[in-house]
Every structure is written in structure tokens, then in C-alpha cells.
Amino acid sequence: MHAHPHDHAGHHGHDTAHEHEHRDDQAAASHGEHLHYGHGAAHAHAPGMTQERMVRIEQDILGKNNEYAQANRERFQRQGVLALNLVSSPGSGKTSLLTATIERLQGRMPVSVIEGDQQTSNDADRIRATGAPAVQVNTGKGCHLDAHMIGHAVERLGLQGSGLLLIENVGNLVCPSAFDLGEAHKVVILSVTEGEDKPLKYPDMFHASTLMVLNKIDLLPYVDFDVKRCIEYARRINPRLEVLQVSARTGEGMDAWVDWLEGRLGGSAAGGGEEEIEALRRRVAELEAQLDAARQGH
């Protein structure tokens, strides 16, 4: 990729070979070719860094995070807390779904919230307005919450006894998929204003989730969104993925969502934790295999 701090329209001494390279790039683009940096053992690319080094860094980061996540999980299980990690792209309606959920659960179960954003306390303020306790976690330039952040936020919340802990992650369908927070389940929220192909574009998140909440279904008459195709794409990535269709604004589907929550509060939280632990074991084994492959290809 080549960037210039000046206008191509002016004369700035490019030689013939350079101009020909640009024409070749344009021809390739016109034939539908694309750049793909997901090859290699790390399935990622960083300039000047080998695949082996990237795999080692990922192992170190995830390994430390998983230690904190396991401590969080054990605490949640001891207290009978069902912790859910709500993930989505920005603007999916996570906070509106949370406020509507809290209102429906008042008097039925205790609900606490951890809000993750790069900046501001806007979402935590909206949650507190419902009467539920909330802690805002600002990540600065960080694109996701991690288990260490959650541990400190839980201390601030001072959870007492059993209940529901809803963690609203930073709006991002990429990075949060790899970071276990100690939750029982990841719940991915997708709004009908985003496009039904999101599961194919961001497969890791949908593969890591237990439930997909398809939100803003009240807007279906006004948008070009194929619900059936979206669900088919999502289950192509994760055949076991559960799906609920809701509108936080009108209340449609909210009873099914609340039933889902109540059905998993209690003993099921421990079962979800075991699933997370097994998934982490698989991920560690995968990273070790990738590191071996990187060494052999070095």
C-alpha cells in the first residue's frame, strides 16, 4: 500500500515503473482482487513482526487475561451471579435493551451493570436512572474490556448475593471475541439496521456467542434486511447459536428475552463457566499448534 502527502495531479518526478505499478494495482482492483492479511499462524499481520512473535504475544496476553477471568468466574459461581458479556457493534441498541430489561426485571431479580466505552459515562448514567447500580469503565484507546477491568469493577459494585450481572462491552465485533471476562455466556446483539451479512464478516464473535439477539425488529418494514438469511448466516458460523428477535422500543420479544435470562440464572451459570473453560483449553491448544507451525515455517 502506498500513500502520498501530495496530489497525484501535480508533477512530482515519478518514474515509469512507479506509474506502471499504480496501473497494475488499478487493473487488479477492477478484476475483484483483494488483500488478505489473515494468513499465517497468527491469522493477523503487523509490519516488521514475524508470525511466531505474534503468536507468542497473543499467548502471553490471553494467558494473563484468562487467569483473571478464572478468578472472576469462581467469584460469580460462589455468589450465584449470572454474568453475561453483551457484545455488538456501536449503535446496535445495547444500552436501550439493558434499560428495558432492567425495568422488566425490577422486583424479580437483582441486576447490576458494568458499562464499557472508550470515553464518557453517558451509558452508565442511563443505567443508574433505572435504579440499578452501574460502574462505568473507560478504556481510553482500548477497543475492549478485559478480565482485570471487570475484577476491579465488580469490587466497586460490591455485589451481594445472587443476581444478574450484565456487562456491556465496548462497541466492537472484533477484539472482544477473544477476551474471556469470566462470564457464563457471550450474547451478541445485532440490529436490523446493520446488514444481515455481519455474521460472515465477523465470524469469531458469532462463533464465541451463545445467543444472538436480533434487535430493532420494529424497523423491519423500513429497512432492507432479510431475517431468515441473517439467521442462516449466523448458524453457518455457529450451528448451536440461539436466536431471539426483539424490539427494546416496542417491547416485542422482550418476554422471551427475560425468560431466557431467568432460565439461566442459578445453577446454569456454573455450566456456562465450564463451557468457557473448555473453549479456552481449545484456544490454548490451537495457539500452541500455530506456534509449532510458525517455527517449522520460519
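Residues numbered from 1 in each chain as written. Predicted model: local features only at pLDDT ≥ 70, side-chain atom pairs only at ≥ 80, totals over all residues. Heavy atoms only, no water.

1. Quick notes on the overall build of the chain
Thinking step 1. A tally of regular secondary structure across the chain gives 10 helices and 7 strands.
Thinking step 2. Among the 298 residues that make up the chain, the fraction classed as buried is 45%.
Thinking step 3. The long-range fraction of contacts in the chain, counting pairs at least 24 apart against all pairs at least 6 apart in sequence, stands at 70%.
Thinking step 4. Of the roughly 15800 Å² of accessible surface on the chain, a fraction of 50% belongs to carbon and sulfur atoms. (Helix = DSSP H or I, 4+ residues; strand = E, 2+ residues; numbered from the N terminus. Buried < 20%, exposed > 50% of the residue type's maximum accessible area, 1.4 Å probe, protein only. Contact = heavy atoms within 4.5 Å. Areas by Shrake-Rupley, 256 points an atom, 1.4 Å probe, with all protein chains shown as cover.)

2. Section: the pattern of salt bridges
Thinking step 1. Taken as a whole and assessed by the stated rule, the structure comprises 12 salt bridges.
Thinking step 2. Between glutamate 194 and lysine 198 there is a salt bridge, with its nearest N and O atoms 2.9 Å apart. Both residues of the pair, glutamate 194 and lysine 198, count as buried.
Thinking step 3. Among the ionic pairs, arginine 236 bridges to glutamate 232, the shortest N-O distance being 3.0 Å. In this pair, arginine 236 and glutamate 232 both sit in helix 8 (residues 227–237), 4 residues apart, roughly one turn of the helix.
Thinking step 4. What makes glutamate 232 partly exposed here is its relative accessible area of 36%. (Salt bridge = Lys/Arg side-chain N within 4 Å of Asp/Glu carboxyl O.)

3. What about the nonpolar core?
Thinking step 1. The biggest cluster of nonpolar side chains holds 30 residues, and the ones touching the most others in it are Leu164 and Trp257.
Thinking step 2. Those elements that provide at least two residues to this core are strand 1 (81–87), helix 3 (94–105), strand 2 (111–117), helix 4 (122–128), strand 4 (163–168), strand 5 (185–191), strand 6 (211–215) and helix 9 (254–264).
Thinking step 3. Ignoring sequence-local partners within four residues, the contact set of leucine 164 consists of Leu82, Leu84, Leu105, Met109, Pro110, Val111, Ser112, Leu261 and Leu265. (Core = buried A, V, L, I, M, F, W, Y, C linked by side-chain atoms within 4.5 Å.)

4. Remarks on unusual backbone geometry
Thinking step 1. Phi is positive for threonine 120, close to 75°, though the residue is something other than glycine.
Thinking step 2. With respect to the secondary-structure elements, threonine 120 resides in the loop between strand 2 and helix 4.

5. Here we look at the packing of helix 3 against helix 9
Thinking step 1. Look at helix 3 against helix 9: their axes get within 11 Å of each other, and the N-to-C directions meet at 70°. With respect to helix 9, the element helix 3 is oriented roughly perpendicular. In contact with Leu97, Ala100, Thr101, Arg104 and Leu105 of helix 3, helix 9 contributes Met254, Asp255, Trp257, Val258, Leu261 and Glu262.
Thinking step 2. Grouping the amino acids of the contact of helix 3 with helix 9 by side-chain chemistry returns 7 nonpolar, 1 polar and 3 charged. (Axes fitted to C-alpha atoms, helices over the stretch in contact; angles between N-to-C directions. Parallel < 35°, antiparallel > 145°, perpendicular 65-115°, else oblique. Nonpolar A, V, L, I, M, F, W, Y, C, P; charged D, E, K, R; others polar.)

6. Describing the packing of aromatic side chains
Ring pairs (aromatic) are described by centroid distance and by the angle formed between their planes.
Thinking step 1. Counted under the stated rule, the structure contains 1 aromatic pair.
Thinking step 2. Centroid distance tryptophan 257 to tryptophan 260: 6.0 Å. Interplanar angle 15°. Geometry classified as stacked. In this pair, tryptophan 257 and tryptophan 260 are both assigned in helix 9, 3 residues apart and thus about one turn of the helix distant. (Phe/Tyr/Trp six-rings, centres within 6.5 Å; stacked < 30°, edge-to-face > 60°.)

7. Considering helix 8
Thinking step 1. Residues Val227, Cys230, Ile231, Tyr233 and Ala234 constitute the buried set of helix 8. Here the buried residues of helix 8 occupy an arc of 160° about the axis, which is enough to place them on one side.
Thinking step 2. Structurally, the start of helix 8 carries an N-cap: the backbone nitrogen of lysine 228 is 3.2 Å from a side-chain oxygen of aspartate 226. (Arc of directions from axis to C-beta. Polar contact = N/O pair within 3.5 Å; in protein donor to acceptor, adjacent residues only side chain to side chain.)

8. Concerning the side chain of aspartate 146
Thinking step 1. Topologically, aspartate 146 is positioned in the loop between strand 3 (134–138) and helix 5 (147–157).
Thinking step 2. The side chain of aspartate 146 sits in the buried core without any salt bridge; lysine 64 is the nearest counter-charge, 12 Å away.
Thinking step 3. A distance of 3.1 Å separates a polar side-chain atom of aspartate 146 from the backbone nitrogen of histidine 148.
Thinking step 4. Dropping the residues within four chain positions of it, aspartate 146 is found in contact with Asn65, Phe179 and Leu181. (Lys, Arg positive; Asp, Glu negative; His and termini not counted.)

9. A few points about the pairing of strand 6
Thinking step 1. Most of strand 6 sits out of view: 5 of its 5 residues are buried.
Thinking step 2. Burial of the side chains of strand 6 extends over both faces: Leu211, Val213 and Asn215 are buried on one face and Met212 and Leu214 on the other.
Thinking step 3. Across 4 bridges, the pairing between strand 6 and strand 7 (residues 242–245) is parallel. For methionine 212, the partnering residue across the bridge sits in strand 7 and is valine 243.
Thinking step 4. Traced from strand 6 through helix 8 to strand 7, the parallel crossover comes out right-handed. (Pairing = 2+ DSSP bridges. Right-handed = clockwise from strand over helix to strand, strands pointing away.)

10. What about helix 3?
Thinking step 1. Over its 12 residues, helix 3 extends 16 Å from the first C-alpha to the last, a length consistent with the 16 Å expected when each residue adds 1.5 Å.
Thinking step 2. By the burial criterion, the buried members of helix 3 are Lys94, Thr95, Leu97, Leu98, Thr99, Ala100, Thr101, Ile102 and Leu105. (Expected span 1.5 Å × (residues − 1).)

11. A short note on the confidence of the model for the chain
Residues shown with low pLDDT carry predicted positions that ought not to be read at fine detail.
Thinking step 1. For the chain, per-residue confidence averages 84 on the pLDDT scale, and residues scoring 70 or more make up 78% of the total.
Thinking step 2. Under a pLDDT of 50 for its full length, residues 1–23 has, in the predicted model, 12 contacts with residues more than four places off or in other chains.
Thinking step 3. Below pLDDT 50 for its whole length, residues 268–272 participates in 9 contacts with residues either more than four positions away or in separate chains. (pLDDT = per-residue confidence, 0-100.)

12. Some thoughts on the sheet that holds strand 1
Strands in a sheet are paired, the pairing made by backbone hydrogen bonds, and the direction either parallel or antiparallel.
Thinking step 1. If you walk across this open sheet you meet the 7 strands as 3-2-4-1-5-6-7, and the pairing is parallel. With one partner strand each, in any of the chains shown, strand 3 and strand 7 form the two edges of the open sheet. In this sheet, neighbouring strand axes are inclined to one another by 20° on average, regardless of whether the strands run parallel or antiparallel.
Thinking step 2. The pairing of strand 2 with strand 3 spans 5 bridges and is parallel.

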